[in-house]
Amino acid sequence: MNDDLQHRLDELMRRLRTSYDGIGHSTGRPYVYFVYPVEQERALQRMVDEQLRSDRTLVFHHVDILQLTIKSLAGQEERRQQLLNDPIKQNSVTEAIMRLWARAISRDTMARLESTENTQQEGRPVVVLRGLAALHPLGNPTSLMEFLAEQELRNPRTNTIVPIVLPIPGIRPPQTSRRYLFLG
(Lines give C-alpha, C1' and ligand atoms only; values in the text may rest on other atoms or scores of the structure.)
Protein backbone atom coordinates (compact mmCIF):
# COMPACT_ATOMS: atom_id res chain seq x y z
CA MET A 1 0.00 0.00 0.00
CA ASN A 2 2.85 2.40 0.80
CA ASP A 3 4.29 1.75 -2.67
CA ASP A 4 1.03 2.96 -4.22
CA LEU A 5 1.06 6.11 -2.07
CA GLN A 6 4.70 6.70 -2.97
CA HIS A 7 3.99 6.30 -6.67
CA ARG A 8 1.02 8.67 -6.50
CA LEU A 9 3.04 11.23 -4.52
CA ASP A 10 5.82 11.01 -7.12
CA GLU A 11 3.20 11.65 -9.83
CA LEU A 12 1.89 14.64 -7.88
CA MET A 13 5.39 16.13 -7.69
CA ARG A 14 5.92 15.51 -11.41
CA ARG A 15 2.62 17.22 -12.19
CA LEU A 16 3.45 20.23 -9.99
CA ARG A 17 6.82 20.62 -11.68
CA THR A 18 5.72 20.10 -15.29
CA SER A 19 2.11 21.37 -15.37
CA TYR A 20 2.10 24.07 -12.69
CA ASP A 21 0.38 26.69 -14.84
CA GLY A 22 -2.16 24.21 -16.21
CA ILE A 23 -3.44 22.95 -12.85
CA GLY A 24 -7.10 23.79 -12.62
CA HIS A 25 -7.51 25.16 -16.14
CA SER A 26 -10.04 22.51 -17.17
CA THR A 27 -12.12 22.93 -14.00
CA GLY A 28 -11.40 26.53 -13.12
CA ARG A 29 -10.17 25.42 -9.71
CA PRO A 30 -6.43 25.01 -9.04
CA TYR A 31 -6.89 22.18 -6.55
CA VAL A 32 -5.31 18.77 -6.49
CA TYR A 33 -7.20 16.27 -4.36
CA PHE A 34 -4.93 13.51 -3.10
CA VAL A 35 -7.31 10.92 -1.63
CA TYR A 36 -5.69 8.25 0.51
CA PRO A 37 -6.97 5.50 2.84
CA VAL A 38 -7.63 6.74 6.38
CA GLU A 39 -5.53 3.93 7.84
CA GLN A 40 -2.54 5.29 5.88
CA GLU A 41 -2.68 8.69 7.64
CA ARG A 42 0.66 8.45 9.43
CA ALA A 43 2.49 6.97 6.47
CA LEU A 44 1.19 9.67 4.15
CA GLN A 45 2.00 12.49 6.58
CA ARG A 46 5.55 11.18 6.85
CA MET A 47 5.85 11.02 3.05
CA VAL A 48 4.39 14.52 2.67
CA ASP A 49 6.90 15.86 5.22
CA GLU A 50 9.76 14.20 3.36
CA GLN A 51 8.74 14.95 -0.22
CA LEU A 52 6.66 18.12 -0.35
CA ARG A 53 9.59 20.32 0.58
CA SER A 54 10.72 23.56 -0.94
CA ASP A 55 13.48 23.62 -3.51
CA ARG A 56 14.50 25.94 -6.37
CA THR A 57 11.38 25.22 -8.43
CA LEU A 58 8.61 24.90 -5.81
CA VAL A 59 8.01 26.55 -2.44
CA PHE A 60 5.60 24.57 -0.27
CA HIS A 61 3.42 26.21 2.35
CA HIS A 62 1.94 23.62 4.73
CA VAL A 63 -1.20 24.93 6.43
CA ASP A 64 -2.57 22.95 9.38
CA ILE A 65 -6.37 23.17 9.15
CA LEU A 66 -6.84 21.68 12.62
CA GLN A 67 -4.94 24.49 14.32
CA LEU A 68 -6.79 27.17 12.36
CA THR A 69 -10.25 25.70 13.02
CA ILE A 70 -9.58 25.47 16.75
CA LYS A 71 -8.13 28.98 16.93
CA SER A 72 -10.94 30.58 14.90
CA LEU A 73 -13.64 29.27 17.26
CA ALA A 74 -11.73 29.68 20.53
CA GLY A 75 -13.96 30.93 23.33
CA GLN A 76 -17.15 30.33 21.37
CA GLU A 77 -17.56 26.60 21.95
CA GLU A 78 -20.71 26.77 24.09
CA ARG A 79 -22.54 29.21 21.82
CA ARG A 80 -21.51 27.26 18.72
CA GLN A 81 -22.85 24.03 20.23
CA GLN A 82 -26.18 25.70 21.10
CA LEU A 83 -26.60 27.00 17.56
CA LEU A 84 -25.64 23.69 15.97
CA ASN A 85 -28.18 21.88 18.15
CA ASP A 86 -30.98 24.16 16.93
CA PRO A 87 -32.45 22.38 13.86
CA ILE A 88 -33.78 25.64 12.43
CA LYS A 89 -30.38 27.36 12.51
CA GLN A 90 -28.11 24.37 11.96
CA ASN A 91 -27.58 24.78 8.19
CA SER A 92 -26.87 28.50 8.34
CA VAL A 93 -24.56 28.05 11.34
CA THR A 94 -22.67 25.28 9.58
CA GLU A 95 -22.22 27.48 6.51
CA ALA A 96 -21.13 30.43 8.67
CA ILE A 97 -18.52 28.29 10.43
CA MET A 98 -17.20 26.96 7.11
CA ARG A 99 -16.92 30.55 5.81
CA LEU A 100 -15.13 31.57 9.02
CA TRP A 101 -12.67 28.71 8.56
CA ALA A 102 -12.16 29.59 4.88
CA ARG A 103 -11.36 33.22 5.80
CA ALA A 104 -8.91 32.07 8.49
CA ILE A 105 -7.20 29.72 6.03
CA SER A 106 -7.09 32.41 3.36
CA ARG A 107 -5.58 35.00 5.75
CA ASP A 108 -2.99 32.53 7.05
CA THR A 109 -2.04 31.39 3.57
CA MET A 110 -1.78 34.91 2.17
CA ALA A 111 0.48 35.88 5.08
CA ARG A 112 2.70 32.90 4.26
CA LEU A 113 2.80 33.80 0.56
CA GLU A 114 3.65 37.43 1.36
CA SER A 115 6.40 36.43 3.79
CA THR A 116 7.94 34.27 1.07
CA GLU A 117 7.73 37.25 -1.27
CA ASN A 118 9.68 39.33 1.26
CA THR A 119 12.46 36.74 1.60
CA GLN A 120 13.00 36.61 -2.17
CA GLN A 121 12.88 32.80 -2.02
CA GLU A 122 12.99 31.24 -5.46
CA GLY A 123 10.36 28.88 -6.76
CA ARG A 124 6.66 28.83 -7.41
CA PRO A 125 4.39 28.60 -4.37
CA VAL A 126 2.22 25.56 -3.63
CA VAL A 127 -0.17 25.40 -0.68
CA VAL A 128 -0.74 22.08 1.12
CA LEU A 129 -3.82 22.02 3.36
CA ARG A 130 -3.28 19.44 6.08
CA GLY A 131 -5.51 18.07 8.82
CA LEU A 132 -8.68 18.12 6.71
CA ALA A 133 -10.39 15.63 9.03
CA ALA A 134 -10.95 18.67 11.30
CA LEU A 135 -13.77 19.69 8.95
CA HIS A 136 -15.87 16.68 9.94
CA PRO A 137 -18.80 16.62 10.70
CA LEU A 138 -19.58 20.21 9.64
CA GLY A 139 -18.14 20.04 6.17
CA ASN A 140 -15.78 18.36 3.77
CA PRO A 141 -12.86 19.45 1.60
CA THR A 142 -15.08 20.23 -1.39
CA SER A 143 -17.34 22.55 0.58
CA LEU A 144 -14.29 24.25 2.11
CA MET A 145 -12.80 24.80 -1.34
CA GLU A 146 -16.07 26.33 -2.57
CA PHE A 147 -15.75 28.96 0.15
CA LEU A 148 -12.01 29.41 -0.45
CA ALA A 149 -12.67 29.99 -4.16
CA GLU A 150 -14.38 33.24 -3.20
CA GLN A 151 -10.94 34.55 -2.19
CA GLU A 152 -8.55 33.19 -4.82
CA LEU A 153 -5.06 32.64 -3.56
CA ARG A 154 -2.62 34.47 -5.78
CA ASN A 155 1.13 34.71 -5.82
CA PRO A 156 1.93 38.27 -4.63
CA ARG A 157 4.96 38.40 -6.95
CA THR A 158 3.27 37.32 -10.21
CA ASN A 159 -0.46 37.60 -9.45
CA THR A 160 -0.95 34.06 -10.77
CA ILE A 161 -3.23 31.58 -9.05
CA VAL A 162 -1.46 29.32 -6.54
CA PRO A 163 -2.23 25.58 -6.72
CA ILE A 164 -3.56 23.93 -3.56
CA VAL A 165 -2.89 20.29 -2.66
CA LEU A 166 -5.45 18.62 -0.41
CA PRO A 167 -4.43 15.30 1.16
CA ILE A 168 -7.91 13.88 1.84
CA PRO A 169 -8.43 10.91 4.15
CA GLY A 170 -11.06 8.76 2.50
CA ILE A 171 -11.67 6.48 -0.44
CA ARG A 172 -12.27 6.95 -4.12
CA PRO A 173 -15.09 4.80 -5.47
CA PRO A 174 -13.99 2.51 -8.31
CA GLN A 175 -14.23 3.89 -11.86
CA THR A 176 -14.31 7.53 -10.69
CA SER A 177 -11.78 10.29 -11.03
CA ARG A 178 -13.40 13.32 -9.37
CA ARG A 179 -15.43 11.71 -6.57
CA TYR A 180 -14.35 10.64 -3.12
CA LEU A 181 -15.89 9.58 0.16
CA PHE A 182 -14.48 11.82 2.89
CA LEU A 183 -13.23 9.74 5.84
CA GLY A 184 -14.64 6.65 4.10
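Preceding this section is the structure that the text describes.
Notes on the structure follow.

What counts, and at which threshold
Residues numbered from 1 in each chain as written. Predicted model: local features only at pLDDT ≥ 70, side-chain atom pairs only at ≥ 80, totals over all residues. Heavy atoms only, no water. Helix = DSSP H or I, 4+ residues; strand = E, 2+ residues; numbered from the N terminus. Buried < 20%, exposed > 50% of the residue type's maximum accessible area, 1.4 Å probe, protein only. Contact = heavy atoms within 4.5 Å. Areas by Shrake-Rupley, 256 points an atom, 1.4 Å probe, with all protein chains shown as cover. Phe/Tyr/Trp six-rings, centres within 6.5 Å; stacked < 30°, edge-to-face > 60°. Lys NZ or Arg CZ within 6 Å of the ring centre and 35° of its normal. Axes fitted to C-alpha atoms, helices over the stretch in contact; angles between N-to-C directions. Left-handed = near helix turned anticlockwise from the far one by under 90°. Nonpolar A, V, L, I, M, F, W, Y, C, P; charged D, E, K, R; others polar. Pairing = 2+ DSSP bridges.

1. Structural notes on the overall build of the protein
Step number 1: Counting its regular elements, the protein contains six helices and five strands.
Step number 2: Relative to its 184 residues, the protein shows a buried fraction of 43%.
Step number 3: Of the contacts made within the protein by residues no fewer than 6 positions apart, 77% connect residues no fewer than 24 positions apart.
Step number 4: Carbon and sulfur atoms make up 48% of the accessible area of the protein, which amounts to about 10500 Å² in all.

2. Observations regarding the packing of aromatic side chains
Step number 1: On inspection of all chains with the given rule, the structure shows one aromatic pair.
Step number 2: Ring centres of Tyr-33 and Tyr-180 lie 5.6 Å apart, and the angle between their planes is 80 degrees; this geometry places the pair in the edge-to-face category. Of this pair, Tyr-33 sits in strand E1 (residues 31-36) while Tyr-180 sits in the loop between strand E4 (164-171) and strand E5 (181-182), and the two are 147 residues apart along the sequence.
Step number 3: Sitting over the face of the ring of Phe-34, Arg-8 holds its NZ or CZ atom 4.3 Å from the ring centroid.

3. Looking at the packing of helix H1 (residues 2-18) against helix H2 (residues 41-51)
For any two helices packed against each other, the geometry comes down to the angle between their axes and how far apart the axes lie.
Step number 1: Relative to each other, H1 and H2 sit at 35 degrees, their axes nearing to 11 Å. Of the two possible hands of crossing, H1 and H2 adopt the one that is right-handed. Between H1, through Asn-2, Leu-5, Gln-6, Leu-9, Asp-10 and Met-13, and H2, the contact on the second element is made entirely by Ala-43, Leu-44, Met-47, Val-48 and Gln-51.
Step number 2: Residues of the contact of H1 with H2, tallied by class, amount to seven nonpolar, three polar and one charged.

4. Remarks on unusual backbone geometry
Step number 1: Cis peptide bonds are those with omega within 30 degrees of zero, and the linkage from His-136 to Pro-137 qualifies with 10 degrees.
Step number 2: Mapped onto the elements of the fold, Pro-137 is located in the loop between strand E3 (124-130) and helix H6 (141-148).
Step number 3: At Asn-159, a residue that is not glycine, the phi angle is positive and equals roughly 65 degrees.

5. Things to note about the pairing of strand E2 (residues 58-64)
Step number 1: Taken across its seven residues, E2 has five buried, putting it largely inside the fold.
Step number 2: Relative to E3, E2 is paired through seven bridges, and the arrangement is parallel. Paired with His-62 across the two strands is Val-128, which belongs to E3.

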